[in-house]
Amino acid sequence: MPSSFATNMRFKFPILALFLEILIIVLFGVFVSYKDSSHDDHKQASNDTITSVRFSQLYPMFQDVHVMIFIGFGFLMTFLKKYSFSSVGINMLLAALGLQWGILVQGFWHLHHGKIEIDILKMINADFSTATVLISFGAVLGKTSPVQLLIMTILEITVFAMNEHLVAEVLGANDVGASMIIHAFGAYFGLAVARILYRPGLKNGHENEGSVYHSDLFAMIGTIFLWMFWPSFNSAIADEGENQYRAVVNTYFSLAACVVAAYAISSVVEHKGKLDMVHIQNATLAGGVAVGTCADMDIGPFGALLIGLVAGIISTVGFKFLSPVLASKLGIQDTCGVHNLHGMPGILGGIAGIVAVAMGASNGGSYGMQAAALASSVSIAIVGGTITGFILRLPIWGQPPDQNCFDDSIYWEVPEEEEENEEGLAHGEHSNNKAEP
Amino acid sequence: MPSSFATNMRFKFPILALFLEILIIVLFGVFVSYKDSSHDDHKQASNDTITSVRFSQLYPMFQDVHVMIFIGFGFLMTFLKKYSFSSVGINMLLAALGLQWGILVQGFWHLHHGKIEIDILKMINADFSTATVLISFGAVLGKTSPVQLLIMTILEITVFAMNEHLVAEVLGANDVGASMIIHAFGAYFGLAVARILYRPGLKNGHENEGSVYHSDLFAMIGTIFLWMFWPSFNSAIADEGENQYRAVVNTYFSLAACVVAAYAISSVVEHKGKLDMVHIQNATLAGGVAVGTCADMDIGPFGALLIGLVAGIISTVGFKFLSPVLASKLGIQDTCGVHNLHGMPGILGGIAGIVAVAMGASNGGSYGMQAAALASSVSIAIVGGTITGFILRLPIWGQPPDQNCFDDSIYWEVPEEEEENEEGLAHGEHSNNKAEP
Amino acid sequence: MPSSFATNMRFKFPILALFLEILIIVLFGVFVSYKDSSHDDHKQASNDTITSVRFSQLYPMFQDVHVMIFIGFGFLMTFLKKYSFSSVGINMLLAALGLQWGILVQGFWHLHHGKIEIDILKMINADFSTATVLISFGAVLGKTSPVQLLIMTILEITVFAMNEHLVAEVLGANDVGASMIIHAFGAYFGLAVARILYRPGLKNGHENEGSVYHSDLFAMIGTIFLWMFWPSFNSAIADEGENQYRAVVNTYFSLAACVVAAYAISSVVEHKGKLDMVHIQNATLAGGVAVGTCADMDIGPFGALLIGLVAGIISTVGFKFLSPVLASKLGIQDTCGVHNLHGMPGILGGIAGIVAVAMGASNGGSYGMQAAALASSVSIAIVGGTITGFILRLPIWGQPPDQNCFDDSIYWEVPEEEEENEEGLAHGEHSNNKAEP
């Protein structure tokens, strides 16, 4: 049948992927070079980030961020019973492509002798840029094709780089842990895309849109690596010394308080006071998101704990009560609940930043500019996501039909044994047949 | 039925958790501050652990320890077929709460201008303090409610901080890798609790007290991350330079020899010479425990290998022959066999420390004080654990009835599909019904 | 029956393992010592790698390599549905034994005052030496006994140390990321062993030689940790400063391009353009292998991307079209396809090194010596692997009969529930019975 044939990726996907990779290689040939310490006008800074102690101070933090991007985001999304290959696999593809593109579109704002000179900070920022896409990926998980996601990666990172430049350079706002420019941005960009790709056919849910026992455990691998290394995420690009130290300490404490809050509220809202894995896997991380903007500010360990407590409560309540409303009333089907993990906590982080700057907890910046940064991040994300959504809606990108959503077998070779053993022979074959003419 | 109703956590758990978190936030507001390098009497030391090279030397080791606490301990306990959510999930909760409490109760011994000033060493020690609880958790795994475990966390870390102060400050004993104050302490504390909570109904085992193929693999994630990062655990708080270098090298070699010993002995004691996952998952780590006390001493790579070899043999033999006796004769039902992984190897480590100090392998300390430290750690643990056990035995903490032990579904929302596919429909519904009126 | 009795490991395995461990302990007692900074002729260098900043610069990279060896290689091989215990478990055993042996056989070439003085570089190189065995393990996975693999570990690491000395010291060739001396060497050594152990009975495949859904996910844990930390692998032993920085940057980019290429080609060659997990789990890593030899050279980010792109294409095509030919025509049954992940990309890396040196991208060395190094690595591996294969073929090492290949239950206690639930009762018992008289 046409719908399933349209999902055949043999030509569209490899052609687009190879075209993008070759385009990137050409642009790298023209614009990208090593950092050269010889003819450098700020030699120290350059040595710092290439060859000296500073490089080896930041390299472990870079690797922590790397783990968050590839293991953290990748496994966090493996909770779906039949969509784990796509979650961890497509996450890897988008991040690997995205970091190359991020080097280019972020680098174009800071050319040096006409070149983008690679150092450890540029690599960290390239990883950061992919986080926006991986957050948005969570909103449309299971309902998009690899081709659509490659397009979203290129478009979103490009828009992200513009907003980042606006926030950091033009407005001069503080956002060291990127509550606004990554988390809120990625969430609202993805929610806008999800809104445009709204599927009435999924209004009453989907048989595959759930977890099995072990898929929830795989997701916990992602959750915990994100949780542990978040202090590196929030401090990696902070100024050396006191600021970086505070960013580590504040994030460490905010996350700890957030965990306790998420567990407590999950038990409050669930039937019989049981814990819900969806909350544990996600809401426990909201404290890292919410403390991001003011992570390196003098908010005190006490302030960090408070932010984490509030973030954990808001996020858990959002999963329980707000997500259903977004789906039914606004037509926003947010597969992973990124609005609860990245959206609201990101805005909370932006507001906390405004307050902290107003209270003089920051070395610089103005609360007005903080507010402008939050507004621009959210609004540019919504506009960018909406436009992207319309592009992705074109019926030529192999988007899966409703009945094949949340099912790897439409884009992946899936072991037959598994079909038989875990979903039952009948169902297994059934779902396969649907995907194949 | 009353027993199952008593396991309803809706009120007890969130109220206790939120009360503790708010109490901690208040105490942080009063007592906890950043390390301030300005008005500091030992400026260098302070800079070292906040802003200088020393901070970035220790930060990666802190993150390694962090991974051991949250991934290592958490996944090590996921081997039970139906209790993996609780293992990794409650481990995360107890560690997140415990590290905040650990900052306070450890910090009260070292107030500075009336404040607990946070630096990287205090964060490492806070993570360490939670390890004692996570070890004890292994002894009562599957037989306690989240409420009981929150109480145990607060009590055990408080007692730990007192014993740590006694051992390190009063006795001036060496225990850089904490064989005595963490491993032996945590094990005997937990075994004492398990003794008081003895369940005659589980004398003949429990249908859920076993693994499935993939739950054993999840457990190996915990095992291997613990194994790899143990050199960081044993060296993180060692004196900079030669001592820290020796702690890394000794632990690296002790663990390597321990692996070979554990595999060999597992094959000797198992039927047909097969390997037993219980030994591989646990006994391979005994070398890290046993080398802890003298990790930074001049025992030589040769001495480190010997300690690891002996630890691997003792631990494997303990799993095979001693654990059944403890359960049947002493009424100590040690779910994870912490006596074999942390108890005996911890004592071995303490004894090795006595010998090493007596042989002058250490820069300071006396073998008498080492012996006193071992005795105090074990005896304070047993007394503290016994008292804690009586408190936890009060019939108001939602302890699960025997038939619901080792079963997530009593405290967690568990995906139905899983029940059907992995334990069979009948059994799945059966075990659910038991937990619900 | 005799075949199954011969697989009883109770005596052979523990006796050999303990004998080797005790032999190692004795040799350590005689030859291995800490690095002593006092009576040192190149004090600075020694301090560097023991106690100073350099140690803490390299320690995080050492730990990244450690994760690649124990988690990366271990979980990468868990894809087989019934052989995951052996994959991750025997991987741990071989690596733990191998690193001790590697310290000795590598150290004998660099005695200092008659001693092998341990520093962080020696520990990194010891981990490296085990990688050759773990690569070869992949070629014979599921078809060898633990006893055979212990023997292979000792023999292969010994041969590796000789070839490494020849390449690095005698020929003075560059191979910082070890494309030649580890990847090509390990692959062709293992393929030679596999050729000698050829099993006609497996010509038409084996019912256990496949994955299930979750075993493929476990394998992705290995894939992604290898992928993320490969920049540490390729830069850990590079000269401090510019070279180490370039090794990180080049590997980071080569791997990124390789991922996009592997996904694209996988979709091209698979039916209906679907992605194949075998390619995603393996070919995505080829870029790290191929950029190894010239990782620290001035090839430019552009050159790194090109190498990654070509490696990803070659590797994926190899899995699809070359592996079947090797098995049917040459009688090389390469279980994990190490020829595609380590063999061909390793040779590509050696060739890239020849070209890069010829183009003056390197500080030293000659392209002739690079070519000699590649030739010696491959040929010594084939000769060493062939001899090892004949030794392993002796009918006394408990090699599994064909029908028990790729099945943990012959050497491991496997949970019964799993047998029943995932392979079906009948089949489960069947496969068990086969292994037991």
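The name an unreviewed UniProt entry assigns to chain A is Ammonium transporter Rh type A, from the organism Acipenser schrenckii. What UniProt states about chain A under its Subunit (unreviewed entry) heading is, verbatim, "Homodimer. Heterotrimer; a RHCE monomer interacts with a RHAG homodimer. Component of the ankyrin-1 complex in the erythrocyte, composed of ANK1, RHCE, RHAG, SLC4A1, EPB42, GYPA, GYPB and AQP1. Interacts with GYPB (via the N-terminal); this interaction bridges the (RHAG)2(RHCE) heterotrimer with the SLC4A1 Band 3 I dimer complexed with GYPA." Taken verbatim from the UniProt record of chain A, the Function (unreviewed entry) comment is "Functions as an ammonia transporter. May play a role in the elimination of ammonia in the gill."

What follows deals with the overall build of chain A. The number of helices and strands found in chain A is 17 helices and two strands. Against the 2.2 N^0.38 benchmark of 22 Å for 437 residues, chain A shows a C-alpha radius of gyration of 21 Å, consistent with a compact globule. Along the three orthogonal principal directions, the C-alpha set of chain A runs to about 65 × 55 × 35 Å. Here the contacts in chain A between residues at least 6 apart in sequence split such that 82% fall between residues at least 24 apart. For chain A, the accessible surface area stands at approximately 12100 Å², while carbon and sulfur atoms represent 67% of it. A gap of 8 Å separates the mean positions of the 20 positive and 37 negative side-chain charges of chain A.

Glancing now at the UniProt feature "domain: Ammonium transporter AmtB-like" (unreviewed entry) in chain A. According to UniProt, the positions carrying the feature "domain: Ammonium transporter AmtB-like" (unreviewed entry) are residues 56-404 of chain A. Between the C-alpha atoms that bound residues 56-404 of chain A the distance is 47 Å, and the span itself is 71% helix and 1% strand.

With that settled, consider the interface of chain B and chain C. Every contact between the two is made by 62 residues of chain B and, on the other side, 73 residues of chain C. Here chain B and chain C share an interface that buries about 5900 Å² over both sides, 73% of which is from carbon and sulfur atoms. Among the residues of chain B in contact with chain C, Y213(B), Y245(B) and Y252(B) are the three that bury the most area, contributing 15% of the side total. Inspection of the chain B/chain C interface yields zero salt bridges. Taken together, the connections running from chain B to chain C amount to 22 residue pairs in polar contact (both at pLDDT 80 or more). Among the elements of the structure, helix 4 (53-76), helix 9 (213-235), helix 10 (242-269), helix 11 (277-282) and helix 13 (300-330) of chain B are those that each provide at least two residues to the side of chain B that touches chain C. Tallying contributions element by element places helix 10 of chain B first for the side of chain B that touches chain C, with 18 residues. For the side of chain B that touches chain C, a count of residues per class yields 39 nonpolar, twelve polar and eleven charged.

A few words on the relation of the copies chain B and chain C. Mapping chain B onto chain C calls for a screw motion: a turn of 120° about the axis and a shift of 0.0 Å along it, with 0.0 Å RMSD after fitting. On this basis, the relationship between the two copies can be described by a three-fold rotation axis. If distances are taken from each C-alpha of chain B to the rotation axis, the shortest is found for P60(B), at 3.7 Å. Interface overlap between copies is the fraction of interface residues in one copy that are interface residues in the other; for chain B against chain C it is only 15%, indicating separate surfaces.

Moving on, we get to the environment of W230(C). Residue and element names in this part refer to chain C. Positionally, W230 belongs in helix 9 (residues 213-235). Look at W230 and you get buried, because its relative accessible area is 1%. A sequence separation of 55 residues divides W230 from L285, and the C-alpha atoms of the two residues are 8.6 Å apart. Look past the residues within four positions of W230 in its chain and what remains in contact with it is M68, H183, T251, L255, L285, G288 and V289.

Here we come to the pattern of salt bridges. A side chain with one charge may pair with a side chain of the opposite charge, provided their charged atoms come close. Taken as a whole, this structure holds 15 salt bridges over all chains when the rule is applied. Residues R54(A) and E240(A) are paired through a salt bridge, measuring 3.8 Å at the closest nitrogen-oxygen approach. Of the two residues, R54(A) is situated in helix 4 (residues 53-76) and E240(A) in the loop between helix 9 (213-235) and helix 10 (242-269); the sequence distance between them amounts to 186 residues. Classification of R54(A) as buried rests on a relative accessible area of 9%. Ionic pairing is found between K35(C) and D119(C), a salt bridge with its closest N-O pair at 3.3 Å. Of this pair, K35(C) sits in the loop between strand 1 (32-34) and helix 3 (43-50) while D119(C) is found in the loop between strand 2 (116-118) and helix 6 (120-140), placing the two residues 84 residues apart along the sequence. Take K35(C) and D119(C): they sit in the same class, and that class is buried.

With that settled, consider the interface of chain A and chain C. Every contact between the two is made by 73 residues of chain A and, on the other side, 62 residues of chain C. Interface area for chain A against chain C, summed over the two sides, is near 5900 Å², with a carbon-plus-sulfur share of 73%. The largest contributions to the chain A side of the interface with chain C come from Y34(A), M92(A) and E413(A), which together make up 14% of the buried area. At the boundary of chain A with chain C, the tally comes to zero salt bridges. Broken down by secondary-structure element, the contributors of at least two residues to the side of chain A that touches chain C are helix 2 (12-31), strand 1 (32-34), helix 4, helix 5 (84-107), helix 6 (120-140), helix 9 and helix 16 (416-423) of chain A.

With that settled, consider the side chain of E117(B). Within the secondary structure layout, E117(B) lies in strand 2 (residues 116-118). We note that E117(B) is buried and unpaired, the nearest opposite charge coming from K35(B) at a distance of 4.7 Å.

Think of it as a corkscrew move, a rotation about one axis and a shift along it, taking one chain copy to the other. Of the transformation superimposing chain A on chain C, the axial component is 0.0 Å and the angular component is 120°, with the fit at an RMSD of 0.0 Å. Interface overlap between copies is the fraction of interface residues in one copy that are interface residues in the other; for chain A against chain C it is only 12%, indicating separate surfaces.

Attention now goes to the packing of helix 10 of chain A against helix 13 (residues 300-330) of chain A. All names here are of chain A. One way to put it is that helix 10 packs onto helix 13 with a least axis distance of 7 Å and a crossing angle of 35°. Helix-helix and strand crossings are classified by hand; for helix 10 and helix 13 the assignment is right-handed. In terms of residue class, the contact of helix 10 with helix 13 is made up of 16 nonpolar, seven polar and one charged.

On to the packing of aromatic side chains. For the structure shown, the criterion picks out 59 aromatic pairs over all chains. Each member of the aromatic cluster is reached from another via a ring pair, and the members are F28(A), Y34(A), F55(A), Y59(A), F62(A), Y245(C), Y252(C) and F253(C). Lying over the aromatic face of Y198(A), R195(A) brings its terminal NZ or CZ to 5.7 Å of the ring centre.

Let us now look at helix 9 of chain C. Residues and elements named next belong to chain C. If you check helix 9, its first and last C-alpha atoms are 35 Å apart, about what 23 residues at 1.5 Å a residue would give, namely 33 Å. Maximum bend of helix 9: about 50°, positioned at F229, with proline P231 one to four residues after it. For helix 9, the buried fraction is high: 23 of the 23 residues fall into the buried class.

Attention shifts here to the state of the cysteines. Scanning the model with the defined rule gives zero disulfides over all chains in all. Free cysteine C336(C): the closest other cysteine sulfur is in C405(C), separated by 13 Å.

In this model, A178(A) sits at a positive phi of 65°, which is unusual for a non-glycine residue. Mapping A178(A) onto the fold places it in the loop between helix 7 (146-170) and helix 8 (179-196). On the basis of relative accessible area, A178(A) is assigned to the buried category, the value being 3%. Unlike most non-glycine residues, H113(C) shows phi in positive territory, near 55°. Relative to the helices and strands, H113(C) is located in the loop between helix 5 (84-107) and strand 2. Assessed through its relative accessible area of 53%, H113(C) is described here as exposed.

This part takes up the confidence of the model for chain A. Residue and element names in this part refer to chain A. On average, residues of chain A carry a pLDDT of 91, and 90% of them reach 70 or more. Ignoring residues within four places in sequence, the model shows residues 1-5, a span with pLDDT below 50, making eight contacts including any to other chains. The low-confidence segment residues 418-437 (pLDDT under 50) makes 46 contacts with residues lying over four places distant or belonging to another chain. If you check the scores for this complex, the pTM reads 0.94 and the ipTM reads 0.93.

A separate point is the environment of G360(A). Residue and element names in this part refer to chain A. Relative to the elements of secondary structure, G360 occurs in the loop between helix 14 (338-358) and helix 15 (367-392). The exposure class of G360 is exposed, given its relative accessible area of 54%. Sequence spacing of G360 and M297 is 63 residues, and the spatial spacing of their C-alpha atoms is 9.0 Å.

Reading the values: rules and limits
- Residues numbered from 1 in each chain as written.
- Chains lettered and ligands numbered in written order.
- Predicted model: local features only at pLDDT ≥ 70, side-chain atom pairs only at ≥ 80, totals over all residues.
- Heavy atoms only, no water.
- UniProt positions renumbered as here; feature names shortened; annotations may be inferred.
- Helix = DSSP H or I, 4+ residues; strand = E, 2+ residues; numbered from the N terminus.
- Rg over C-alpha atoms; globule rule 2.2 N^0.38 Å.
- Contact = heavy atoms within 4.5 Å.
- Areas by Shrake-Rupley, 256 points an atom, 1.4 Å probe, with all protein chains shown as cover.
- Lys, Arg positive; Asp, Glu negative; His and termini not counted.
- Charge placed at Lys NZ, Arg CZ, Asp CG, Glu CD.
- Buried area = accessible area lost by both parts, 1.4 Å probe.
- Salt bridge = Lys/Arg side-chain N within 4 Å of Asp/Glu carboxyl O.
- Polar contact = N/O pair within 3.5 Å; in protein donor to acceptor, adjacent residues only side chain to side chain.
- Nonpolar A, V, L, I, M, F, W, Y, C, P; charged D, E, K, R; others polar.
- Least-squares fit on C-alpha atoms with pLDDT ≥ 70 in both.
- Buried < 20%, exposed > 50% of the residue type's maximum accessible area, 1.4 Å probe, protein only.
- Axes fitted to C-alpha atoms, helices over the stretch in contact; angles between N-to-C directions.
- Left-handed = near helix turned anticlockwise from the far one by under 90°.
- Phe/Tyr/Trp six-rings, centres within 6.5 Å; stacked < 30°, edge-to-face > 60°.
- Lys NZ or Arg CZ within 6 Å of the ring centre and 35° of its normal.
- Expected span 1.5 Å × (residues − 1).
- Bend = angle between axes of the 7 residues up to and from the residue.
- Disulfide = S-S within 2.5 Å.
- pLDDT = per-residue confidence, 0-100.

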